[in-house]
Amino acid sequence: MGESALGFRPVSPKPAVLEPLRVRIRRFQFIVGMGFLSLVLGAMLSVWLMLRLKSVLGAVPSEFLRFVVAVVLQDLWVLAVLPALCYASARVVPLRPWSTAVGSAGTGGVFVVALSFVSDGADVLTKGWGLASALRLASFVGGILLSAWAIRAARAAAERGSSVAQAKAVARQSEYDEFLKAAEADGARLEQRDQAASAAAVSPGTPEGQDSPPGEAPKTPAA
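Just so you know, the residues in each chain are numbered from 1, in the order the chain's sequence is written. In keeping with the model being predicted, local features are shown solely for residues with a pLDDT of at least 70 and side-chain atom pairs are shown and tallied solely at 80 or more, while totals for entire chains, interfaces and linings include all residues. Excluding hydrogens and water, the side-chain values take into account all heavy atoms of the structure.

(A) Structural context of the side chain of Ser-139. Where helices and strands are cited, they refer to DSSP runs of H or I of at least four residues and of E of at least two residues respectively, numbered from the N terminus. If you trace the backbone, Ser-139 turns up in helix 7 (residues 131-202). Any pair of nitrogen or oxygen atoms within 3.5 Å is treated as a polar contact; in protein, a donor-acceptor pairing is required on top of that, and neighbouring residues in sequence qualify only through side-chain atoms on both sides. From its side chain, Ser-139 meets the backbone oxygen of Arg-136 in a polar contact 2.7 Å long. Other than its neighbours up to four places away in sequence, Ser-139 contacts Asp-75, Val-78 and Leu-79. Any two residues whose heavy atoms approach within 4.5 Å at even a single point are treated as in contact.

Here it is as structure tokens:
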């Protein structure tokens, strides 16, 4: 059943129905990959900066300030790397600000908790909240806000770029239209000139069948 008279089955509309689901899956994979990439790049950047700024941090007199700077350096993946990736990606791909920012930051946060659980065991889940936890939470929320703002800024910049490119294309089209009109006018003038020249070449004297000028006898052969 369901086959045509020639024995062929009708084409099922399932691919069109599943296309929105595929788009969501690809978007989810992109968000997860961006969160993981920001965590890896941020960890590398944090280690490099900590090694370079070790002597500077040791010279800071305030212990609280050193602690805050250390937390910021550890969370560079969400405070700097993730917003940069969101901005660069939003210039090419139309991303949703909040879903992308929350999803990417959440992906990186899950990996951070998983690594802490592997290194510290279940103590990471049972220890109470302190200043470090509050600062890490504040940096996490700040990274989400920065990422959402970066996506909005990138989309605005992309729209401005497209509008400028469209305006340039319209200007070039108008210039081409004016050039085409001028070329057509020149061609029409040349054609009229050629027609006038050809008409003058065809009729240099008196045309046949025209009467003789007055005062002159018609020339007839003698009988």
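(B) Inspection of a nonpolar patch on the surface at higher detail. On the surface, Phe-36, Leu-37, Val-40, Leu-41, Met-44 and Phe-111 cluster together to form a nonpolar patch covering roughly 520 Å² of accessible area. Among the secondary structure elements, Phe-111 is positioned in helix 5 (residues 97-120). Each residue is placed in one exposure class: buried if its accessible area under a 1.4 Å probe, protein chains only, is under 20% of its type's maximum, exposed if it is over 50%, and partly exposed if it falls in between. By relative accessible area, Phe-111 is classed as partly exposed at 34%. Without a salt bridge and with relative accessible area above 30%, a residue can belong to a patch; like charges are then joined within 9 Å and nonpolar side chains (Val, Leu, Ile, Met, Phe, Trp, Tyr) within 5 Å. Surface accessibility in these figures is a Shrake-Rupley result with a 1.4 Å probe; residues are shielded only by whichever protein chains are displayed. The term salt bridge refers to a pairing of a side-chain nitrogen on Lys or Arg with a carboxyl oxygen on Asp or Glu at a separation within 4 Å.

(C) View of the pattern of salt bridges. Per the stated rule, a full pass over the model turns up 1 salt bridge. Where Asp-75 meets Arg-136, a salt bridge forms, and the shortest distance between an N and an O atom there is 2.9 Å. Of this pair, Asp-75 sits in the loop between helix 3 (63-74) and helix 4 (76-90) while Arg-136 is found in helix 7, placing the two residues 61 residues apart along the sequence. Overall, the relative accessible area of 31% leaves Arg-136 in the partly exposed class.

(D) Inspection of the packing of aromatic side chains at higher detail. Two aromatic rings from Phe, Tyr or Trp, using only the six-membered ring of Trp, form a pair when their centres are within 6.5 Å; if the ring planes differ by under 30 degrees the pair is stacked, by over 60 it is edge-to-face, and anything between is tilted. If you walk through the whole model with that rule in mind, you get 1 aromatic pair. Each ring, one from Phe-36 and one from Phe-111, has its centre 4.9 Å from the other, and the planes form 55°; the classification is tilted. One end of the pair, Phe-36, is in helix 1 (residues 14-52); the other, Phe-111, is in helix 5, and 75 residues separate them in sequence.

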